[in-house]
Amino acid sequence: MTLVRLMVHRHRVLLASWSVLLVALAGATVSAYRSTYPTAEQRRLAVELAQHNAATVLLYGNLPDPGTPAQMFAWEIGAFATILAAVMAVLVAVALTRSAEDDGTLELVRSCGVAPRVPLWSALAILAVVAAVLAAGCTGAAGLHAGRVDGVTWSGAAAFGSVVGVTFLLVAVLTAGLAQVVSTAGGARTTGLAAVGAAFVVRSIADTRHLDWLNWFSPLGLRAGVRPFTGDRWWVLAAYGGLTVVLAWLATVLHRRREYRAGLVRPRDRRDTRLNIRSSLGLAARLARRPVAAWTVAVAAVGTLFSAMGSGVVDLSRRDDVGGFLGAQLGGSDPVAGYLAYSATIVGILASTYAVGSVLRSRHDEAAGLTDHVLATGVRRWQPLAAQVAVTALGSGAVLVATGALNALVAPSVIDGTDVAGRSFGYITGQWPATMVMAGWTALLVGWWPRLTSLAWLPLVASATLALLGPLLGVPADVRALGIFQHVPDVAGPDPDVRALAVLLACAAAAALSGVVGTVRRDVMTG
Amino acid sequence: MTVDHAIEVTGLVKRFGAVAAVDGLNLSVRAGEVHGFLGPNGAGKSTTIRVLLGLYRATAGRVRVLGLDPATRGAEVTRRVSYVPGEVNLWPNLTGQEVLDAMAGLRGRRDVPAERRLVADFALDPRKTVRTYSKGNRQKVMLVAAFAAPTDLLVLDEPTSGLDPLMEGLFQRCVRDAAAAGRTVLLSSHILAEVETLCESVTIIKHGTLVESGRLADMRHLAAAEITARLPAGQVPAVAGRLRSVGVADGVAEDGAVRLSVPRRHVAAVLAVLAGADAQDITCSPATLEDLFLRHYEAVSR
């Protein structure tokens with residue numbers, strides 16, 4: 001019990017901030033679905049469009065009939081909530097199971113007479129409690145609107161909350177199992193996130209191709225199985241609950257079979273390679289090689305998934321009555337352009353996530369004392385951060401160009417329209433200035449306020465929310481324009497307007513430059 | 001331009017908010033010497049070293065390293081400095097060899113034969129990834145990089161805390177070789193025997209201020225010497241009385257064992273008293289660094 005308290009105390013910020021984020025997401029958005037479509041006619045139209053739109057089916061799944069506000073909530077917010085719960089599950093599970101082993105604190109715990117199996121059991125117990133908290137929180141947040149928003153019932157809210165909780169627990173326990181196979185916390189995190197990506201792909205194929213049985217193989221398909229506010233099928237939840245117990249047992253079995261600080265798979269830790277660099281830029285580039293490769297694969301896969309599933313857009317383009325929130329989301333006039341822009345926005349958000357994380361690496365290196373080593377060899381104070389920003393610029397460029405090129409190959413064979421390849425490439429690579437704004441903002445924080453670098457994620461979350469949920473939440477277009485992801489012009493359109501992109505690039509350059517100046521004017525801060 | 005002092009610090013103040021980690025410190029290290037830098041934990045040694053490297057900006061005071069101000073010309077200073085911190089973190093996914101390549105590549109100067117020799121001497125397997133290295137092995141990587149680099153000044157901040165006795169001996173040889181080659185060494189360490197054997201001069205600091213600084217030989221001179229002897233049974237009370245009259249109290253046990261800490265000016269008189277009383281096994285040893293250090297150390301813990 002003491003160990004459980006110690007672990008909760010150590011990770012309290014991680015646990016609390018994610019839980020609050022998820023519960024707030026569920027609570028703050030329910031009422032928006034009541035006000036967006038005041039008349040039944042408008043809603044019917046929007047529901048029909050949503051059910052036939054490839055982009056939204058791919059991203060959120062199928063919207064069940066008759067499309068009450070509660071069902072729309074479970075369909076759209078439910079998709080975000082379950083994806084976020086899955087990502088949270090990976091980060092929390094790795095933090096609870098593997099991180100303590102990597103930094104040596106588990107050694108101290110084990111040397112105090114704690115049996116080898118107890119830390120893993122404690123972690124699993126905490127994960128179960130967190131899942132229960134998430135379920136209760138989301139149930140409460142959504143259920144409070146019962147009676148005020150059409151279709152919201154306490155039973156449906158409980159099913160919705162349980163879906164979030166069980167999805168979390170399923171992915172968390174799965175990650176705990178994977179964490180026994182690989183040998184480091186970083187490796188466990190990568191594997192876990194890859195599993196979440198695979199779960200998303202499986203779910204989106206199941207939904208776009210109407211293969212319902214396939215959803216059983218994806219933790220993210222749990223929502224489609226339970227059908228909150230539609231069927232509230234509790235037995236599906238019970239079945240998955242049983243599955244988590246089996247997975248937890250499997251994790252403990254794997255745990256028994258491996259050595260302390262090792263995984264079941266031994267990494268190759270001896271090699272005869274040399275490092276031929278002559279500047280901090282070269283070092284940063286070498287260290288960025290693997291992450292950039294991983295991000296390129298992941299983002300290109302997601303981007304191509306969108307292109308490959310985009311055939312439904314063609315039908316849509318034949319209709320004139322695109323309206324409501326889908327019309328707004330797909331960008332108005334040309335549905336093909338709208339679809340491509342929308343999928344490029346998703347790609348832009350992912351690439352920006354890479355960019356923020358990559359620049360934050362420079363703060364991490366500084367705290368770990370690695371920047372000391374670099375500076376002690378005669379490197380100038382401004383160089384490490386500048387090098388990291390430059391590498392991030394190149395890295396996000398590589399991610400976007402690779403994704404854009406792959407999409408330009410795939411999209412024309414699936415989507416009918418004029419110059420689909422060029423537009424697809426243009427929309428995706430056009431996100432580069434936006435990712436650079438995120439990198440620049442992060443560099444600004446690292447340079448001037450290194451203690452506040454967690455704020456680096458704030459504009460990314462805000463912009464992503466504006467881009468994905470802005471139309472739904474009734475945010476005015478002027479405010480939505482403050483988001484950074486929706487300023488890419490249609491390259492096939494007449495006279496594409498790139499002024500917005502130039503402004504973004506100027507902001508990015510100014511912020512990054514200021515951040516680099518900031519590092520020169522302050523002490524190196526370790527620890 | 002030749003500089004006769006490799007490090008010249010006067011009135012250094014470094015504040016973190018309201019706390020002054022270093023408060024008016026003076027430190028001077030002559031070019032070509034091995035200089036010990038001592039003080040209890042939290043005395044401000046690492047803070048001072050980080051100012052010397054330009055990693056921290058001094059709040060006040062004048063700092064010159066190799067004749068340059070590290071606050072404004074940090075890169076020019078560190079290009080000629082090798083630095084080994086006590087807590088060595090390295091890039092976990094690089095191999096030891098790749099780290100050495102990185103350090104040398106960044107510096108732009110490299111002595112490959114020296115590096116190869118040191119890797120062999122320190123029995124380091126440079127093909128393994130840093131993740132698999134122990135603390136001692138990570139330290140060895142940095143020591144190899146530091147000693148192999150063609151630099152004028154070595155700044156070593158508790159560099160041997162993870163080394164085994166065999167490697168400790170090798171480390172001392174490396175420091176001597178460096179000094180023989182004309183390089184200056186600033187060695188911060190808690191291993192007093194190491195400082196005593198390696199350093200000509202030491203600086204002891206406490207609460208961020210200078211306590212004592214100078215050549216080790218001179219400092220020993222000023223401190224008390226330790227005298228031990230064994231007295232014949234009947235002589236004990238008489239000798240004790242005579243010693244008191246010379247100015248040395250206590251230290252004579254009833255069974256005749258003598259252990260005295262004697263100020264330098266009284267040593268001859270005390271020895272005369274002991275010799276006159278037919279004492280056996282007389283030893284007289286000058287103060288060790290440990291004596292010097294502990295005097296200040298105990299003052300801190302009070």
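Just so it is clear, the model here is predicted, and its values are computed rather than measured. (Residues numbered from 1 in each chain as written. Chains lettered and ligands numbered in written order. Predicted model: local features only at pLDDT ≥ 70, side-chain atom pairs only at ≥ 80, totals over all residues.)

Draft legend 1. Main features of the overall build of chain B. A tally of helices and strands in chain B yields 11 helices and 12 strands. Here chain B holds 302 residues, and the buried ones make up 43% of them. Taking the intrachain contacts of chain B between residues at least 6 apart in sequence as the baseline, contacts between residues at least 24 apart amount to 71%. (Helix = DSSP H or I, 4+ residues; strand = E, 2+ residues; numbered from the N terminus. Buried ≥ 20, exposed ≤ 12 C-beta atoms within 10 Å, placed from the backbone. Contact = placed C-beta atoms within 7 Å.)

Draft legend 2. Main features of the overall build of chain A. Looking only at helices and strands, chain A features 23 helices and zero strands. The C-alpha atoms of chain A give a radius of gyration of 24 Å, which matches the 24 Å a tight globule of 527 residues would have. Along the first, second and third principal axes, the C-alpha set of chain A runs to 65 × 55 × 40 Å. Within the span of chain A, comprising 527 residues, buried residues form 51% of the whole. For chain A, the share of sequence-separated contacts (at least 6 apart) that also reach a separation of at least 24 residues comes to 77%. (Rg over C-alpha atoms; globule rule 2.2 N^0.38 Å.)

Draft legend 3. Just the sheet that holds strand β1 (residues 5–16) of chain B, in detail. All names here are of chain B. Across the sheet, which stays open at both edges, the three strands sit in the order β2-β1-β4 with antiparallel pairing between neighbours. Each edge of the sheet is formed by a strand with only one pairing partner; in this case those strands are β2 (19–30) and β4 (60–65). The average undirected angle you get between the axes of adjacent strands in this sheet is 15 degrees. Pairing between β1 and β2: nine bridges, direction antiparallel. In the strand pairing of β2, arginine 15 is matched with alanine 20. (Pairing = 2+ DSSP bridges. Axes fitted to C-alpha atoms, helices over the stretch in contact; angles between N-to-C directions.)

Draft legend 4. Focus on the pairing of strand β9 (residues 209–215) of chain B. Relative to β9 of chain B, strand β8 (residues 201–206) of chain B is paired through six bridges, and the arrangement is antiparallel. Considered in β9 of chain B, the bridge of serine 201 of chain B is made with arginine 215 of chain B.

Draft legend 5. Broad picture of the interface of chain A and chain B. Listed by partner, the interface residues are 29 residues for chain A and 30 residues for chain B. A breakdown of the residues in the side of chain A that touches chain B according to their chemical character gives 11 nonpolar, eight polar and 10 charged. (Nonpolar A, V, L, I, M, F, W, Y, C, P; charged D, E, K, R; others polar.)

Draft legend 6. Main features of the packing of helix α6 (residues 69–102) of chain A against helix α10 (residues 185–208) of chain A. Residues and elements named next belong to chain A. Where α6 meets α10, the closest approach of the two axes is 9 Å, and the angle between their N-to-C directions is 160 degrees. Judged by the angle between their axes, α6 and α10 are roughly antiparallel. The crossing of α6 and α10 is right-handed. Contacts between α6 and α10 involve Ile83, Ala86, Val87, Val90, Leu91, Ala93, Val94, Arg98, Ser99 and Asp102 on the former and, on the latter, Ala185, Ala188, Arg189, Gly192, Leu193, Val196, Ala199 and Phe200. Across the contact of α6 with α10, the residue classes tally to 13 nonpolar, two polar and three charged. (Parallel < 35°, antiparallel > 145°, perpendicular 65-115°, else oblique. Left-handed = near helix turned anticlockwise from the far one by under 90°.)

Draft legend 7. Representation of the packing of helix α16 (residues 335–367) of chain A against helix α20 (residues 432–448) of chain A within the structure. Residue and element names in this part refer to chain A. One can describe the packing of α16 onto α20 by two numbers: an axis separation of 8 Å at closest approach and a directional angle of 25 degrees. By the angle class used here, α16 and α20 are roughly parallel. Regarding α16 and α20, the two cross each other, and that crossing is right-handed. Contacts between α16 and α20 pair Gly348, Ala351, Ser352, Ala355, Val356, Val359, Leu360, Ser362 and Arg363 from the former with Ala434, Thr435, Met438, Ala439, Thr442, Ala443 and Val446 from the latter. By residue class, the composition of the contact of α16 with α20 is 10 nonpolar, five polar and one charged.

Draft legend 8. The arrangement of the sheet that holds strand β7 (residues 184–188) of chain B in detail. Residue and element names in this part refer to chain B. If you trace the six strands from one edge of the open sheet to the other, you get β5-β6-β7-β3-β8-β9, paired in mixed fashion. Every other strand in the sheet has two partners, leaving β5 (81–84) and β9 as the edge strands with one partner each. Strand-to-strand twist across the sheet, computed as the mean angle between neighbouring axes with direction ignored, equals 15 degrees. Sheet strands touched by helix α1 (residues 45–52): β3 (34–38), β6 (153–157), β7 and β8. Its angle to β6, the strand with the most contacts, is close to 150 degrees. Running at roughly 165 degrees to β5, helix α5 (residues 135–148) makes contact with β5 and β6 of the sheet.

Draft legend 9. Structural context of the confidence of the model for chain A. When pLDDT is averaged across chain A, the result is 87; 94% of the residues are at 70 or more. Per-element confidence in chain A is highest for α20 of chain A, whose mean pLDDT is 95, and lowest for helix α15 (residues 324–329) of chain A, whose mean pLDDT is 50. (pLDDT = per-residue confidence, 0-100.)

Draft legend 10. Spatial organisation of the environment of arginine 34 of chain A. All names here are of chain A. Note on placement: arginine 34 falls in helix α3 (residues 32–35). Judged by C-beta crowding, with 19 C-beta atoms within 10 Å, arginine 34 ranks as partly exposed. Taking the C-alpha atoms as reference points, arginine 34 and glycine 151, 117 residues apart in sequence, are found 9.9 Å from one another.

Draft legend 11. Molecular detail of the confidence of the model for chain B. All names here are of chain B. On average, residues of chain B score 87 in pLDDT, and 96% of them reach the 70 mark or higher. The lowest-confidence element of chain B is helix α11 (residues 289–301), averaging 68 in pLDDT; the highest-confidence one is β7, averaging 94. Confidence metrics for the complex model read pTM 0.84 and ipTM 0.82.

Draft legend 12. Representation of α16 of chain A within the structure. All names here are of chain A. Compared with an ideal rise of 1.5 Å per residue, which puts 33 residues at 48 Å, α16 spans 48 Å between its outermost C-alpha atoms and is within 8% of the ideal. The element α16 is extensively covered by neighbouring structure, given that 28 of its 33 residues are classed as buried. Positive backbone phi, approximately 90 degrees, marks glycine 369, located one or two places after α16. (Expected span 1.5 Å × (residues − 1).)

Draft legend 13. Inspection of helix α19 (residues 420–429) of chain A at higher detail. Residues and elements named next belong to chain A. The buried count for α19 comes to eight of 10 residues, which makes it a mostly enclosed element. Among all positions in α19, only Val420, Arg423, Ser424, Phe425, Gly426, Tyr427, Ile428 and Thr429 are buried. At its buried positions, α19 is contacted by α13 (280–308), α16, α18 (383–414) and α20.

Draft legend 14. Inspection of unusual backbone geometry at higher detail. A positive phi angle, close to 65 degrees, is found at phenylalanine 229 of chain A, a residue other than glycine. Structurally, phenylalanine 229 of chain A is set in the loop between α11 (222–226) and α12 (234–256). Its 25 C-beta neighbours within 10 Å are what place phenylalanine 229 of chain A among the buried residues. Positive phi outside glycine occurs at aspartate 281 of chain B, with the angle close to 50 degrees. Relative to the helices and strands, aspartate 281 of chain B resides in strand β12 (residues 280–285). For aspartate 281 of chain B, a count of 9 C-beta atoms within 10 Å corresponds to the exposed category.

Draft legend 15. Quick look at the environment of arginine 5 of chain A. When you line up the elements, arginine 5 of chain A lands in helix α1 (residues 2–10). Residues arginine 5 of chain A and leucine 513 of chain A, 508 residues apart in the sequence, show an inter-C-alpha distance of 44 Å.

Draft legend 16. Spotlight on the environment of valine 226 of chain A. Residues and elements named next belong to chain A. Along the chain, the position of valine 226 falls in helix α11. Given 25 C-beta atoms within a 10 Å radius, valine 226 is considered buried. The spatial distance from the C-alpha of valine 226 to the C-alpha of leucine 59 is 18 Å, given a sequence separation of 167 residues. Setting aside its immediate chain neighbours within four residues, valine 226 contacts Ala159, Val163, Arg233, Val236 and Leu237.

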